[in-house]
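Letter by letter, the chains look like this.
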Protein chains: 2
Amino acid sequence: MPEQLLIPPEGEKIQLKDYDPDYTEGLDKDEAKTLEEGFERRLAELQDMLYAQSMKSLLVVFQAMDAGGKDGAIKKVFDSVNPQGVRAANFKVPTPIELGHDFLWRIHQQVPQKGYIGIFNRSHYEDVLVVRVNEIVPRSVWEKRFDMINEFERLLAENNTAILKFYLHISKDEQRERLQARLDDPEKRWKFSVGDLPVRERWDDYMTAYEDVFSRCNTPYAPWHIVPANKKWYRDLVITRAIVEKMESMGLAYPEPDFDYATVVIPK
Amino acid sequence: MPEQLLIPPEGEKIQLKDYDPDYTEGLDKDEAKTLEEGFERRLAELQDMLYAQSMKSLLVVFQAMDAGGKDGAIKKVFDSVNPQGVRAANFKVPTPIELGHDFLWRIHQQVPQKGYIGIFNRSHYEDVLVVRVNEIVPRSVWEKRFDMINEFERLLAENNTAILKFYLHISKDEQRERLQARLDDPEKRWKFSVGDLPVRERWDDYMTAYEDVFSRCNTPYAPWHIVPANKKWYRDLVITRAIVEKMESMGLAYPEPDFDYATVVIPK
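Residues numbered from 1 in each chain as written. Chains lettered and ligands numbered in written order. Predicted model: local features only at pLDDT ≥ 70, side-chain atom pairs only at ≥ 80, totals over all residues. Heavy atoms only, no water.

1. Section: the packing of helix 2 (residues 70-77) of chain B against helix 10 (residues 232-248) of chain B
All names here are of chain B.
Here is step 1 of the chain: Running from N to C, helix 2 and helix 10 cross one another at 55 degrees; their axes reach a closest spacing of 10 Å. With respect to each other, helix 2 and helix 10 are oriented oblique. Where helix 2 crosses over helix 10, the handedness of that crossing is right-handed. Side by side, helix 2 and helix 10 meet where Gly-72, Ala-73, Lys-76 and Val-77 of the first sit next to Arg-235, Asp-236, Ile-239, Thr-240 and Ile-243 of the second.
Here is step 2 of the chain: For the contact of helix 2 with helix 10, the residue count by class is 4 nonpolar, 2 polar and 3 charged. (Axes fitted to C-alpha atoms, helices over the stretch in contact; angles between N-to-C directions. Helix = DSSP H or I, 4+ residues; strand = E, 2+ residues; numbered from the N terminus. Parallel < 35°, antiparallel > 145°, perpendicular 65-115°, else oblique. Left-handed = near helix turned anticlockwise from the far one by under 90°. Contact = heavy atoms within 4.5 Å. Nonpolar A, V, L, I, M, F, W, Y, C, P; charged D, E, K, R; others polar.)

2. Overview of the sheet that holds strand 5 (residues 224-228) of chain B
Hydrogen bonding along the main chain pairs the strands of a sheet, whether they run parallel or antiparallel.
Residue and element names in this part refer to chain B.
Here is step 1 of the chain: The strand order across the open sheet built from 5 strands is 2-3-1-4-5, with neighbouring strands paired in parallel fashion. Of all strands in the sheet, those bounded by a partner on one side alone are strand 2 (86-90) and strand 5. Between one strand axis and the next, the sheet turns through 20 degrees on average, direction left out of account.
Here is step 2 of the chain: With 5 bridges connecting them, strand 1 (residues 57-64) and strand 3 (residues 117-121) associate as parallel partners. Opposite Leu-59, over in strand 3, you have Gly-118 as the bridge partner.
Here is step 3 of the chain: Relative to the sheet, helix 6 (residues 139-158) contacts strand 1 and strand 4 (161-169), its axis offset from that of strand 4 by approximately 130 degrees. (Pairing = 2+ DSSP bridges.)

3. Quick look at the confidence of the model for chain A
Here is step 1 of the chain: Residue-level pLDDT values for chain A average 95, and 96% of them are 70 or greater.
Here is step 2 of the chain: Complex prediction metrics read pTM 0.94 and ipTM 0.91. (pLDDT = per-residue confidence, 0-100.)

4. A few points about the environment of Leu27(B)
All names here are of chain B.
Here is step 1 of the chain: If you trace the backbone, Leu-27 turns up in the segment before helix 1 (29-53).
Here is step 2 of the chain: Taking the relative accessible area as the measure of exposure, Leu-27 reaches 17% and is therefore buried.
Here is step 3 of the chain: Remark: the alpha-carbon pair of Leu-27 and Tyr-234, spanning 207 residues in sequence, is separated by 8.1 Å. (Buried < 20%, exposed > 50% of the residue type's maximum accessible area, 1.4 Å probe, protein only.)

Here is the structure:
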């Protein structure tokens, strides 16, 4: 993993303006795509072992500003993976029943079971991002959530769930171009929401909120990755590679049968 | 859809021995694969519209004898589909909590929400198949379930869920070869269960139970397809094609925005 993509350990302050959303570690599009496809193939193999072994799980969290590329990245990165071993959860505005519980209640229900990859499109981090920026709860409430999140993620990690968190980092100019492209394309227009514009106006507040997330919740057991995401092909490479590197370290293997398979005879 | 694959309307008796598991409608492997890939690409487009429109859903049910190819078919057919719009449910031996409810309770929880494709790997049909063959409940109980299933599926269909049901039809000889292949391949051995052998011994009883399913639960709103499945490449073509044909008839389209998009200006 190149230096540029790493976040300093928990507790250290970072500034998102120090992270270049156009960074590509010197690769061009074709090189990146070739590399990405190799990692994708390996990801499919590793997922098959994860599912077969059924002892561990992987949780992949995606956060980004609007048009940051969460949908596109999820589609591309998990292209080759068996849909049977993957569950994507899309966290939207909480329902009344969800709001009747603590903020982690609906999240906990969607964590991946053993053998599965869980994908979070947005996540519990919204409760220290949009909730903070829009002052939906007072500071005294959201302030406590960083520690709650760390403890929750530790619970998962200590119960054999590997966790990777990706922030798809685009520039404000890139967002404008992508929102305009959505408006211009009849097949993408449904993705555009006028509600995205007031969020864009609070860009700097969101950056500050994200910076706090990275300094408070970047733990060894659930690290954040700041993914340079202006170039979609580089973004997909960074994510696929990080997932593969993580899974290679999980001790995945096809399980040995608990019977003597050499003596089994299948009757006519 | 060739004649061979159609089941006569509800109420008519069929015999599975009249259905050739080696049938390929005269296609060879390369021809079938080329056709299948075309349908797969179209399926990805249709799924994107289904998700964008978010008014209808599709439920695809898979049933088969062990090694019939459910896992392989799901992996191949939904290869190109965005994992975000698909949810696969794998119904295993019911848990105590599930057994504390009616047999459709756990099924209902997994039906696809609007915009989604739901995949059932096994289903409520197990409650008139394995439950019947193993006499887990008396005939007086499972007999009533055919009507209950039809009414349940009608509820879904009338609430904008299209339903397709696939029985992957392999021969008893093909099953033996595939079970043996699982034993012989270290990467597939985990799929072999010694519990599959007693099930194989009841092959004829299962065929009778399946025949009753097809004559009692083949409704216009939730039709069964008997998929010749000895040849995996033909099986995948039949399923992908049937799904695409169904989705083409669902009136899917990208939604029109509810605001005047031409006047929207995205601020700097």
